[in-house]
Structure formats: structure tokens, C-alpha cells
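Coordinates in review
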Amino acid sequence: MHRGISTLVRRPSLAGFRSLRLAALLAALAALMAPYARAATAASKTQRLAAVPPMGWNDWAHYQCGFTGETILNNARMLVKTGLAARGYNTVTIDDCWMLKTRDAQGNLQADPGRFPQGMKPLADAIHRLGLKFGIYEDAGSETCGEFAGSGQPQGGGKDHFLQDARLFASWGVDYLKLDGCNVYARTPEGKVEAYRKAYAAQSEALKSAGKPIVFSESAPAYFQDTPAWYDVLAWVRQYGQLWREGTDMANYHAKSAGKPRFKSVLWNYAYNLPLGRFQSPGNWNDPDFIIGGDSGLSLAESRSQMALWSMMSAPLILSSDIERLNPEAIEILGNRAVIAVDQDPLGRMATLVRRTATVDLLLKPLKGAEYAVAVLNHGESPAHVRLEPAELGFAGGARCTVDAQDLWSGAHATSLAALQADVASHDTAIWRIRPSAACGKPARTGTIVMTAGRSLESLPGYTRCLASSAELEECAGGPQERWTVTAGGGLRSAAGCLAAVGGKPVLQKCNGGAAQKWCYTLSGNLVNAGDKECLTNGTAVETGQPLSMQSCGHNQANQIWSLPN
Ligand code: GAL
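Residues numbered from 1 in each chain as written. Predicted model: local features only at pLDDT ≥ 70, side-chain atom pairs only at ≥ 80, totals over all residues. Heavy atoms only, no water.

Observations regarding the nonpolar core
If you look at the biggest cluster of nonpolar residues, it comprises 122 residues, and the most contacted ones within it are Tyr89, Trp98, Met120 and Trp310. No other element matches helix H8 (residues 229–240), which puts eight residues into this core. Each residue touching Trp98, except ones within four places of it in the same chain, is listed here: Phe67, Leu109, Gln110, Ala111, Asp112, Arg115, Phe116, Met120, Ile136, Tyr137, Phe169 and Trp172. One finds Val374, Val386, Leu393 and Ile434 within the second-largest nonpolar core, a separate group that totals 22 residues. (Core = buried A, V, L, I, M, F, W, Y, C linked by side-chain atoms within 4.5 Å. Buried < 20%, exposed > 50% of the residue type's maximum accessible area, 1.4 Å probe, protein only. Helix = DSSP H or I, 4+ residues; strand = E, 2+ residues; numbered from the N terminus. Contact = heavy atoms within 4.5 Å.)

If you want it as C-alpha cells, here you go:
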């Protein structure tokens, strides 16, 4: 989050921000207020819904429309039998294709009798009898993505069914609703964001009046990925629901190409989710989509990676595989209590990207009780040896700072380590829970400052560019020049000095705490300089080799959006 860097500029003078465009100003103010708003909404929501990231199972990535009520119930039974339910995977959700294309004479949705001969209520009851919760899918548009009856307005406008459907779901005992966003009617292309907002707000209100708590998963942001409006949508979904899908689906399983590798899809969803930490907090979660670990298309190492990465990001853990066909090793990975505890940690923090090389990512996540999770992803093709000193994670204390560490895959404990070390196999991820010694103190907010480049993912570094202390953007390579500390005073400090805006240009200076060295980090991801009130901007696009400059803040301009250590 942007607590530290915002605190210094808690009482900005409005006049000082005159040069910002209105939208950027509102975003900056929203970001300044966010810690307070977050605290308030989190406090009211933690008592009720999704205080920690939701966990469960959904049919989609494995079965798509190829399921019946029996498929769902079998998987629910298997969650219980394998012990995964007891580990927290407690919500069984039926995705698209459960309903008919038309409504009945009263306008009610109709469960497909071919799939659910007894209707939906008996299935919901059976799932509840297993001690599980029951989730269902609908769509904010006129039709679902599979072209079944949607809850939203018809094309051309007219009456929606949000309230009627919410009441029906509540009568079935639904505990969780995933509302997709295909076929949402907007009168004009310019009206698209507002049309989504109205639809999701309406469903949110409908759920509140349905008489029982229902966790609300919103797919709205996914329909704006890679457009400037993405950040606008990400900024409002938290008002309406508890989690939201921001982007591309995880690759599906297809029986005909069962062995097809799916790890790239895991890396892509991880890549786009990781820079979005500022949008999430307890009760409101970014959702990078299903856990497909253990299913075909992922090796055990790749499955470990997905579990570790999702847990480092406090992402929902929603399995989407045939639970009956998971082998014991996969069940052990998915059910690893210590890794799940990292995911479900009450602080709900997004990991910081401490360092990124061409093949290795190093992540740090603060946990409750002055403990931390550390993960090392090796997405390269050969094994990687890593040696990590606490200083690299932002701890001071020099040689007196040591850590007690538990390797969460082997369970092995070690005490008073001067460094964490591991050989990480290709596509695997090492993950530890550490307790630093008293001499370490609290870690500084240290790591990379990145800009995200866009959709095509050749490699993780391909999605991200790193800010270097030469005040330019470079391909992330993991060198010390890509290491920044966000100071409590709102400074961005590197080994070469503090980033300052001088004469319309960002430069590195000896740190002096002056206004030119103070930065306000907005919810939309802008770094606004407290001195000249302008935005840190890279060239004309997210490309290396283009000079950085200070420019007036545009509306969600890709070359002005940064992700900071959390
Ligand atoms: C997609 C969604 C998937 C699944 C599918 C159903 O839009 O991202 O998770 O719900 O629709 O048609």
C-alpha cells in the first residue's frame, strides 16, 4: 500500500495541486484518504465477509460447460474426503452454463433440468450438509459469456433482474456470487465504464437486500484490462464487492489436449496481479483467477509455484480441477497448511517485488506478529542457487540481524541464519516463513519500482520495466541500481541518492528531505512530486531508452503508472 509515502503529504494544499487535471487530483486525494477509508470499510467488513481471501472450488477451468449436478457434488465430497475442505477450501461454486437461455413465466432463472434434474435447491442443501458453502455464477449483462440468461439489462436497454435473481439465490441458500461481465449493454462506447459501474452497484444493492450475507465476486475490471479505464474500475469495485477478477482467465483444461503446458498462464496472471497491491486490503481482494495447480498441464514444481505466488499475493485460493484425479503430492501442495496460512494472513498484504532478474523473482510479504514470508520464483529453464541476506529484504542491523526460518515445502526449521539459501529448481518456488532477530528491526519498504508494459508476455521481465537509479527505465535485471527504498518521509531513495524533480526533470540528488524529493503516490499509480506537482513520466510510452521527465498528470497514462514496494 502507499501508507508511508502518502503520510507526509496528508494535508495537501489544494492550491498546490492546481496544475493537476481534475481526475488526477481526485485520484491523489482518494489515495491520501484511502488508508482512512480502508480502515473504516475493512473494520465494517472484516466482521462479516471475506476478511481473508476466499477459498474454495469452481468447475470452470476444468469442465467448462461439461458438468452436471453430480460433477459438482462429487467434487464437493472429494474436498471433504481429501481433507482440502478442512484446510479452508470451503466454497463450492457452479460457474456458467447452469441455467437455461430463457426465464420462466415469472421472469425467474431456470436451472438446466438436464444438468440439475432436481433443481438447484437440493444441490445447495447437499453442499451445505457437507459443511461447505455454495456459490453460483451470473452475469451483469443481458447474457452470460456462454450465452445463457444474464441478470443485466437487455441489449437496447430495459429492465434488469438483479434484485429478482438475488432473491432467488438467497432462497437457494447461495453464499457466494461470481458476477461476470459479458454482454453488458452500454448506449455508447464512452458510456461503457458507467454501464458496468451501474450494473455492479445494482447487484451489490440487490445482494444487501436479499436477506443473507453473500460474498460478491466482480469480474468488471477484467473487461477493461489494458485500457486506461482499468484503473478507474479497479478503484471502484471495492465499494461493491469483496473480490474482483482483474484480467485474463487461467488457461482451461481440455481433455483433447490434456498435457498442454499451462504454466505460462500462471506466470501471466501472476505478472498482472502483482503490481496491483495498492487496490487490496482485508475484505477486498484482487483475484488473479483459479488455482489450477495439481491439474494436467502443470508439473508439481509449477503447482508449488502457483500456490506460493498466490499466497504471497493474498489471492483467493479457488481450486478448479477434478479433485478426484489429484494425486497425493498435489493434494499435499494445495493443502499445505503453512503456505495457506501465508495466504490467509490477517494483514492481507500484497508481496513486494524485492528483485526481478530475467529468470528469478524475489518476494517479501509482511505477516501478522512481526513475521514475514519470503519467496523465490525461478521461472527460468535451469536451477537457480539463491543466497539472501536479511539486508536485501530491507532489514538493518548488519551481521547481528539473523533470522529463524521455516522452509514451508519441507517443513524444516533453521535458527539464527545469516542468510536464506536454496537451490530452486526450474519453474519451482521456494517459500519460507521467517522471524527476524531483535537486531533486525522493522524492514524498510525496499524493492523495485516498476512500470507495466502491456499484454503480451514473452517473459515476466517482458511485462515489467524497472526504474533504475540512473533515473531511467530499464529491463529488470536485478542489479543494485533497481533497488529503491520508500522512506517514511515520502522520499524515493537509492544507493545513488534521492529522486528529485528539478527543472522539469527527475534527477538523483543527495537526500535532503526537500519538497523536490517528496512524492505522493496516488491510487491510480502516479508519483506526484510535492515540489512541482507534476507526474514522473517515462518518455512517450513504457519503453526503455526514452528519457524520464516531469509532466502534468494525465488520466491513467501507462507511462505514468508505477508500482512501489508495498
Ligand atoms: C469468463 C470468466 C471465466 C468463466 C467463463 C464462463 O468470462 O472469466 O472464469 O466464468 O467466463 O463463461
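Notes on the domain arrangement of the protein chain
Taken domain by domain, the protein chain comprises domain 1 (52–346), domain 2 (353–443) and domain 3 (446–563). Here the C-alpha centroids of domain 1 and domain 2 sit 32 Å apart. Each partner contributes to the interface: domain 1 provides 23 residues, whereas domain 2 provides 22 residues. Together, the buried faces of domain 1 and domain 2 total about 1800 Å²; carbon and sulfur atoms form 68% of this surface. Taken together, the connections running from domain 1 to domain 2 amount to one salt bridge. Between domain 1 and domain 2 we count 10 residue pairs in polar contact (both at pLDDT 80 or more) in total. (Domains from an automatic or database assignment. Buried area = accessible area lost by both parts, 1.4 Å probe. Salt bridge = Lys/Arg side-chain N within 4 Å of Asp/Glu carboxyl O. Polar contact = N/O pair within 3.5 Å; in protein donor to acceptor, adjacent residues only side chain to side chain.)

Details of the site of the ligand
Taken together, Trp60, Asp95, Asp96, Tyr137, Cys145, Gly146, Lys178, Asp180, Tyr223, Arg245 and Asp249 make up the full set of residues near the ligand. Arg245 places a polar side-chain atom, nitrogen or oxygen, 3.2 Å from an oxygen atom of the ligand. Take Asp249: an N or O atom from its side chain is 2.5 Å from an oxygen atom of the ligand. Bound to the protein, the ligand loses 90% of the 310 Å² it would expose on its own. (Near = heavy atom within 4 Å. Areas by Shrake-Rupley, 256 points an atom, 1.4 Å probe, with all protein chains shown as cover.)

Notes on the sheet that holds strand S20 (residues 472–475)
Here we have three strands laid out as an open sheet, ordered S18-S19-S20, and antiparallel in their pairing. Looking at the sheet topology across the chains shown, the edges are occupied by strand S18 (450–452) and S20. Strand-to-strand twist across the sheet, computed as the mean angle between neighbouring axes with direction ignored, equals 40°. Pairing between strand S19 (residues 464–468) and S20: four bridges, direction antiparallel. Residue pairing in the sheet places Leu467 in a bridge with Leu473 of S20. (Pairing = 2+ DSSP bridges. Axes fitted to C-alpha atoms, helices over the stretch in contact; angles between N-to-C directions.)

A closer look at the side chain of Thr452
Within the fold, Thr452 resides in strand S18. Excluding anything up to four places from it in sequence, Thr452 contacts Tyr231, Pro275, Tyr463, Thr464 and Val542.

Describing H8
In this model, H8 (12 residues) spans 17 Å end to end at C-alpha, consistent with the 16 Å of a helix rising 1.5 Å per residue. The element H8 is extensively covered by neighbouring structure, given that nine of its 12 residues are classed as buried. Taken residue by residue, H8 has Ala229, Trp230, Tyr231, Val233, Leu234, Trp236, Val237, Arg238 and Tyr240 as its buried positions. (Expected span 1.5 Å × (residues − 1).)

Quick notes on the state of the cysteines
Under the criterion given, the structure shown has six disulfides. Disulfide pairing places Cys145 opposite Cys182 at an S-S distance of 2.1 Å. Handedness of the Cys145-Cys182 disulfide follows from its S-S torsion of about 100°: it is right-handed. In this pair, Cys145 sits in the loop between strand S3 (133–139) and helix H6 (162–172) while Cys182 sits in the loop between strand S4 (176–180) and helix H7 (192–208), placing the two residues 37 residues apart along the sequence. Taking relative accessible area as the criterion, Cys145 reaches 35% and is therefore assigned partly exposed. Residue Cys182 is classed as buried on the basis of its relative accessible area, which comes to 17%. Two residues, Cys498 and Cys511, share a disulfide whose sulfurs are 2.1 Å apart. The sign of the S-S torsion, about 95°, decides the handedness of the disulfide formed by Cys498 and Cys511: right-handed. Residue Cys498 is located in strand S23 (residues 497–502), and its partner Cys511 is located in the loop between strand S24 (505–509) and strand S25 (519–521); the two are separated by 13 residues in the primary sequence. Note on Cys511: relative accessible area 36%, which makes it partly exposed. Each bonded cysteine of the protein chain gets a number by its place in the sequence, and the pairs then read 1-2, 3-4, 5-6, 7-8, 9-10, 11-12. You can see Cys520 has no disulfide; the closest cysteine sulfur is in Cys553, sitting 9.2 Å from it. (Disulfide = S-S within 2.5 Å.)

Comments concerning the packing of H6 against H7
When two helices pack together, their arrangement is given by the angle between the helix axes and by the axis-to-axis distance. Contact geometry for H6 and H7: axes closest at 8 Å, N-to-C directions at 40°. Comparing their axes, H7 and H6 come out oblique. For H6 against H7, the interelement crossing comes out right-handed. Contacts between H6 and H7 involve Phe162, Leu163 and Ala166 from the first element and Ala199, Ala202, Gln203, Ala206 and Leu207 from the second. Along the lines of polarity and charge, the residues of the contact of H6 with H7 split into seven nonpolar, one polar and no charged. (Parallel < 35°, antiparallel > 145°, perpendicular 65-115°, else oblique. Left-handed = near helix turned anticlockwise from the far one by under 90°. Nonpolar A, V, L, I, M, F, W, Y, C, P; charged D, E, K, R; others polar.)

Here's the deal with the side chain of Thr448
Looking at the secondary structure, you find Thr448 in the loop between strand S17 (445–447) and S18. A distance of 2.8 Å separates the side chain of Thr448 from the backbone oxygen of Leu353, its partner in a polar contact. The contact partners of Thr448, leaving out residues within four places of it in the chain, are Leu353, Val354, Arg355, Arg356, Cys466, Glu482, Ser563, Leu564 and Pro565.

Section: the packing of H7 against H8
Closest axis-to-axis distance for the H7/H8 pair is 10 Å, and the angle between their directions is 15°. Between H7 and H8, the angle falls in the class roughly parallel. Judged by the sense of rotation from one axis to the other, the crossing of H7 with H8 is right-handed. The residues of H8 that touch H7, namely those facing Val193, Tyr196, Arg197, Tyr200, Ala201 and Ser204, are Ala229, Val233, Trp236, Gln239 and Tyr240. Here the residues of the contact of H7 with H8 are counted per class, giving eight nonpolar, two polar and one charged.

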